[in-house]
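Secondary and tertiary structure notes
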Amino acid sequence: MQVFESLEEIPKDLWATVVSVGNYDGIHRAHQSLIDSICKRAKELNARSVLVTFDPHPTRILRPHGGPPLITPMQRKMEILRESSVDAVVVLPFTRDLSMMPPFEFAEEILYNGRTRLKS
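Here is a short report on the structure shown in this document.

Notes on the pattern of salt bridges
Proximity of charged atoms lets side chains of opposite charge pair with each other. What the rule picks out here adds up to two salt bridges. Across the pair Glu44 and Arg41 runs a salt bridge whose closest N-O atoms are separated by 3.1 Å. One end of the pair, Glu44, and the other, Arg41, are both in helix H1 (residues 29-44), three residues apart, so they sit about a helical turn from each other. The partly exposed category is assigned to Arg41, whose relative accessible area is 43%.

Brief notes about the pairing of strand E4 (residues 88-93)
Within E4, five of the six residues are buried, which leaves the element mostly enclosed by the surrounding structure. Bridge count for strand E1 (residues 2-4) against E4 is three bridges, and the pairing is parallel. By the bridge assignment for E4, Gln2 is matched with Ala88. In this structure, strand E3 (residues 48-55) lies alongside E4, joined through six bridges in parallel fashion. For Val52, the partnering residue across the bridge sits in E4 and is Val90.

Observations regarding the sheet that holds E3
With respect to topology, four strands assemble into an open sheet ordered E1-E4-E3-E2, the strand pairing being parallel. For this open sheet the edge positions go to E1 and strand E2 (17-21), each flanked by a neighbour on one side alone. Put simply, the sheet's adjacent strands are angled 20 degrees from each other on average, direction ignored. One ladder, built from five bridges, connects E2 with E3; its direction is parallel. Each residue of the ladder has a partner; that of Val19, found in E3, is Val50. Sitting on the sheet, H1 touches E2 and E3, and the angle it makes with E3 is about 145 degrees. Strands in contact with helix H3 (residues 74-83) are E1, E3 and E4; relative to E3, the strand with the most contacts, it is inclined by about 170 degrees.

Examining helix H5 (residues 103-112)
Residues Phe106, Ile110 and Leu111 constitute the buried set of H5. End-on, the buried residues of H5 take up no more than an arc of 80 degrees, which puts them together on one face.

A word on H1
An ideal rise of 1.5 Å per residue puts 22 Å on 16 residues; H1 measures up with 22 Å between its terminal C-alpha atoms. Here H1 has its buried residues at His31, Ile35, Ile38, Cys39 and Ala42. Along the axis of H1, the buried positions cluster into a sector of 95 degrees, meaning they face one direction only. Exposed positions of H1 whose direction lies more than 90 degrees from the buried face are Arg29, Lys40 and Lys43. Asn46 lies just past H1 and shows a positive phi near 55 degrees.

Conventions we followed
Residues numbered from 1 in each chain as written. Predicted model: local features only at pLDDT ≥ 70, side-chain atom pairs only at ≥ 80, totals over all residues. Heavy atoms only, no water. Salt bridge = Lys/Arg side-chain N within 4 Å of Asp/Glu carboxyl O. Helix = DSSP H or I, 4+ residues; strand = E, 2+ residues; numbered from the N terminus. Buried < 20%, exposed > 50% of the residue type's maximum accessible area, 1.4 Å probe, protein only. Pairing = 2+ DSSP bridges. Axes fitted to C-alpha atoms, helices over the stretch in contact; angles between N-to-C directions. Contact = heavy atoms within 4.5 Å. Arc of directions from axis to C-beta. Expected span 1.5 Å × (residues − 1).

So, to be careful, I would describe these as geometric facts and stop short of saying anything about function.
Here you go:
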C-alpha cells in the first residue's frame, strides 16, 4: 500500500482510481465492507483503489475542547489499512478552510483538479 501525505506526492501514473473519502476512525466492519467494495470495483475496472482520509481528526479542529476521543489513532489506522487490499491512502491535512469547502468544490478541486491525479 502506498501512502501519500499531500496531493503533490501522488504520482502521475495514478490515473484510473476508485476513491472513497472519509475519516475512517475505528475501521469497523462497515468501513471494512466499504473498503472491500472499493477494492473489488477497482479490480473490475482495472483501476487502483484509493482511500482519502484526514489528519488530524476533524473534531480536533472543529471542536478542539469538546468532541469524543479518537477510536483509532492515525498510526494504528495505517497499520489496519496496510492489512487491507487498498492500493493507496491519501492523508490530507484537515484544516478549518477545508472544513468550509462545499462538497462539490472539494470533489472538483481536491479529487479531480488536485493535480489531476485523483478522479472519482
